[in-house]
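# Analysis of the macromolecular model
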Amino acid sequence: MPADRLVHRAVVGARDAEEERAVRAAIAIPAVAVQRKGHGHAGTAMAMAPVAHVLFQRILRHNPAHPAWTGRDRFVLSAGHASLVLYTQLFLTGYGLAIDDIAASRTLGARTPGHPELGHTAGVEMSTGPLGQGVASAVGIALAMRRDEALHGAGAGLWDRTVFVLAGDGCLQEGVSGEASSLAGTLGVDNLVLIWDDNGITIDGGTDVAFGEDVRARYRAYGWRVLEMDDHRDLAQIERVLTDARERHGAPTLVAVRSVIGAPAPHRSGTPAAHSGGLGAEETQAVLELLGYPSESRLEDLVDDGILATTRAALARGEQLERTWQEDEARWRNAHPGLAAAR
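Residues numbered from 1 in each chain as written. Predicted model: local features only at pLDDT ≥ 70, side-chain atom pairs only at ≥ 80, totals over all residues. Heavy atoms only, no water.

### Looking at helix H7 (residues 133–153)
Going by this rule: Each helix is a run of H or I in the DSSP string that is no shorter than four residues. Each strand is a run of E no shorter than two, and both are numbered from the N terminus. To estimate the expected span of a helix, count its residues, drop one, and scale the result by 1.5 Å.
An ideal rise of 1.5 Å per residue puts 30 Å on 21 residues; H7 measures up with 29 Å between its terminal C-alpha atoms. One or two positions beyond H7, positive phi appears at alanine 154, with a value near 55°.

### Comments concerning the packing of aromatic side chains
Where we set the bar: Any two of the Phe, Tyr and Trp rings considered here, Trp counted by its six-membered ring, make a pair once their centres fall within 6.5 Å; the pair's planes then place it as stacked at under 30 degrees, edge-to-face at over 60, or tilted in between. Burial classification: accessible surface area is computed with a 1.4 Å probe over protein chains only, and a residue below 20% of its type maximum counts as buried, one above 50% as exposed, and the rest as partly exposed.
Considering all chains together, one arrives at five aromatic pairs under this definition. When the ring of tyrosine 219 is compared with that of tyrosine 222, the centres are 5.1 Å apart and the planes differ by 80°; the resulting orientation is edge-to-face. With tyrosine 219 and tyrosine 222 both in helix H10 (residues 215–222) and three residues apart, this pair spans about one turn of that helix. The pair formed by tyrosine 219 and tyrosine 222 is uniform in burial state, with each residue classed as buried. An aromatic cluster of three or more residues is present, and its members are Tyr219, Tyr222 and Trp224.

### Points about the side chain of threonine 88
Rule in force here: Contacts were defined at the residue level, with two residues in contact if any of their heavy atoms lie within 4.5 Å.
Structurally, the position occupied by threonine 88 is in helix H5 (residues 83–93). The buried category is assigned to threonine 88, whose relative accessible area is 1%. In this structure threonine 88 touches Ala26, Ile29, Pro30 and Ile102, once residues within four positions along its chain are discounted.

### Notes on H5
H5 sits mainly inside the fold: 11 of its 11 residues count as buried. For H5, the complete set of buried residues consists of Ser83, Leu84, Val85, Leu86, Tyr87, Thr88, Gln89, Leu90, Phe91, Leu92 and Thr93. Two residues or fewer past H5, glycine 94 is found with a positive phi of approximately 105°.

### Concerning the confidence of the model for the protein
Heads up, the rule is: As a per-residue measure, pLDDT reflects the predictor's confidence and takes values from 0 up to 100.
The predicted model of the protein has a mean per-residue pLDDT of 95, with 98% of residues at 70 or higher. Taken together, the stretch residues 1–8 has pLDDT below 50 and engages in 16 contacts with residues farther than four places along the chain or on a different chain.

### Side note on the packing of H7 against helix H9 (residues 175–187)
Stated precisely, the cut-off is as follows: What counts as an axis is a line fitted to C-alpha atoms, over the stretch in contact for a helix, and the angles between N-to-C directions run from 0 to 180 degrees. Should an angle fall under 35 degrees it is called roughly parallel, over 145 degrees roughly antiparallel, and 65 to 115 degrees roughly perpendicular, with every other angle called oblique. It is the rotation of the near helix from the far one that decides the hand of a crossing: anticlockwise by less than a right angle makes it left-handed, clockwise makes it right-handed.
The geometry of H7 relative to H9 is characterised by a closest axis approach of 7 Å and an angle of 25° between their N-to-C directions. Taken together, H7 and H9 sit at an angle that is classed as roughly parallel. Here the hand of the crossing between H7 and H9 comes out left-handed. From H7, Gln133, Val135, Ala136, Val139, Leu143 and Arg146 reach across to H9, where they touch Val176, Ser177, Ala180, Ser181, Leu183, Ala184 and Leu187.

### Looking at unusual backbone geometry
Going from alanine 263 to proline 264, the amide bond is cis rather than trans, its omega being 10°. Structurally, proline 264 is set in the loop between strand E7 (253–258) and helix H12 (281–290). Backbone geometry places arginine 106, a non-glycine residue, at a positive phi of 65°. Relative to the assigned elements, arginine 106 resides in the loop between helix H6 (99–103) and H7. Exposure remark for arginine 106: the relative accessible area of 37% places this residue in the partly exposed category. For alanine 154, which is not glycine, the phi torsion reads 55° and is therefore positive.

### Overview of the nonpolar core
Filter applied, for reference: Grouping buried Ala, Val, Leu, Ile, Met, Phe, Trp, Tyr and Cys residues that are joined through side-chain atoms within 4.5 Å yields what is termed a nonpolar core.
If you look at the biggest cluster of nonpolar residues, it comprises 62 residues, and the most contacted ones within it are Phe75, Ile102, Ile195, Val255 and Leu302. The element contributing the most residues to this core is helix H2 (residues 17–37), with 11 residues. Excluding residues that lie within four positions of it along the chain, isoleucine 102 makes contacts with Ile29, Ala33, Lys37, Leu84, Tyr87, Thr88, Phe91 and Leu299. In this structure, Ala79, Phe211, Tyr219 and Tyr222 belong to the second largest nonpolar core, which totals 26 residues.

### Focus: the pairing of E7
Heads up, the condition is: Two strands are counted as paired when DSSP detects at least two bridges linking them. By the criterion used throughout, a crossover qualifies as right-handed when its path from the first strand across the helix to the second strand runs clockwise, the strands pointing away from the viewer.
Across the six residues that make up E7, a large majority, five, are buried. Where strand E3 (residues 192–198) lies against E7, six bridges are found, and the strand directions are parallel. Following the sheet pairing, isoleucine 195 is matched in E7 by valine 255. Across five bridges, the pairing between strand E6 (residues 225–229) and E7 is parallel. Bridged to glutamate 228 within E7 is alanine 256. Taken together, E6, helix H11 (residues 235–245) and E7 constitute a β-α-β crossover, and its handedness is right-handed.

Set out below in C-alpha cells:
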C-alpha cells in the first residue's frame, strides 16, 4: 500500500474513539522514543502497532497481572530488534512497565533491553534477536504444549494453547527458520501462528537485493495454511484474520501482513531509512501531527488516563480468562486424579 494513503488514516476499524487513540499512541511511542535517543528501531514497531494492539487486546489469551499463568497463549517476537512493539504493549496492557522504561530502552540496566530477554522483563516469553531463531523457538514451544496436552490433558485442552510469533523478512531468510518451519508443517503443528511482516524492506534496501523467492509458496510447500492481511491499519481485518489463524486445521498458519515500515511517516515510511535510527526531528513532528498530537509532544505526553483505561481493560479480560481456565483445571483434576498427581 502506498505511503501517501497511510498518512491520512493511521488507524481504521477501531471500535470507538478511545481505542483509536490507544493505537495512535502505540504508533507514536516508538517514533518519539527512538528519535529522543537517536538509536533503536522504530519502523517495524510503528507499522505493526495496530496488529500488536489487536493481538494483545482481542486475541491473545493472557493475564498481565499473572504473566506466568500456565494456561496462557505465548507470543514470541522473532524480529527482536523491534522490541518496542512488544514493550509498548506490555506497558499499555499492565505488565508493570512504565513510560520511563520505554524511554530507557536499549540502555544499560534497563528493564527494556534492545532485544527481549527471557526472565528479565515480565511478559517476554523468549530471548530473541538472532534472525529466525524466534521462529524456531516458537515451533519448539508449540510442540512442547502439544506434548504436555497429549500426556496429561485427556482431551481437556488445558495446555494446548496457541503460540503466536512475529517475524520479519530477515527472519524468513535464515535457514534456522526454514528448517523449523518444515518440521512444523510435517508434524501438523496447528497451534502455531507465524505473523510475517511482509514490508519488503531491509537495512540495505529492498528485500529483492538478496531475497527473491515466493515465501507464500514456500510455506504452502512446507504444509502450512497461508492467510493474507492486506491492510495493517485495519483493526477489524486484523481481528478477523487472526481469529481465523488460531482455528485448528491440522497445519500451522502463516499470516502474511502487507505493511509499510515506518508508517505513517510522510517521507521515510516504506524506505530503508525507517529501519533504524531516529526519523529526524521534522519527520517525527510530522508523524505526531498526523496522529493527532501537537508536534512538540514528549514521550510522556502520548498516553493519558483515558488511553490507559482502554488498554488496561486487558487486566480484567485476563483475570476472567484465567478464572475460567482454573475452573476447567479443577474439573480436570477431579476427573483425572492420577494424571493430576503425575503432573
